[in-house]
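Structural overview for review
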Amino acid sequence: LSLDYQYESTTRSGGETSTMTEGGLQKDPAFMADAQLFEKLQLRADIIAALVRNLDPREGRLMRLRYGLNDGQSRTIVECAEMMGISQSKAQTLAAGCLRKLREADDAESLQEYLLTVA
């Protein structure tokens, strides 16, 4: 019984198929792209979970809109205010309060890491 495994890679366009051992996976661009995508999606899920734990629903919605956590499209405070049906000044005040709450949260380091990568 061997713990070595093989990874079969097919290009996204349906081209050649190649088989690699574990050591060769790190050189496979398709594998690396998938791994990076998975890491980004996992980090996004962790951030959204932190928002749910630390913010009320309206605050969470503002942060998801502002930083593009649902659709990958970051928005301005003005755009967020329009989408939420609130004034720009209310959205700014709400955003400042959200960021203060998140800085004080137990999981602030992971939130800060993510927000720095998308800002």
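1. Here's the deal with the nonpolar core
In this structure, L51, L55, L62, M63 and I86 are the most contacted members of the largest nonpolar core, which totals 18 residues. Here the element with the most residues in this core is helix α4 (residues 88-104); it accounts for 5 residues. Excluding its chain neighbours within four sequence positions, the residues that come into contact with I86 are R58, A81, A91 and L94.

2. Topic: the environment of G97
By the secondary structure assignment, G97 is in helix α4. The spatial distance from the C-alpha of G97 to the C-alpha of E59 is 8.6 Å, given a sequence separation of 38 residues.

3. Some words on the pattern of salt bridges
Going through the model one piece at a time under the given rule, you end up with 2 salt bridges. In this structure, E59 engages K101 in a salt bridge whose closest nitrogen and oxygen atoms are separated by 2.9 Å. Taken together, the residues span a long stretch of sequence, with E59 in helix α2 (residues 57-67) and K101 in helix α4 at a distance of 42 residues. We classify E59 as buried; its relative accessible area is 8%.

The rules behind each value
Residues numbered from 1 in each chain as written. Predicted model: local features only at pLDDT ≥ 70, side-chain atom pairs only at ≥ 80, totals over all residues. Heavy atoms only, no water. Core = buried A, V, L, I, M, F, W, Y, C linked by side-chain atoms within 4.5 Å. Buried < 20%, exposed > 50% of the residue type's maximum accessible area, 1.4 Å probe, protein only. Helix = DSSP H or I, 4+ residues; strand = E, 2+ residues; numbered from the N terminus. Contact = heavy atoms within 4.5 Å. Salt bridge = Lys/Arg side-chain N within 4 Å of Asp/Glu carboxyl O.

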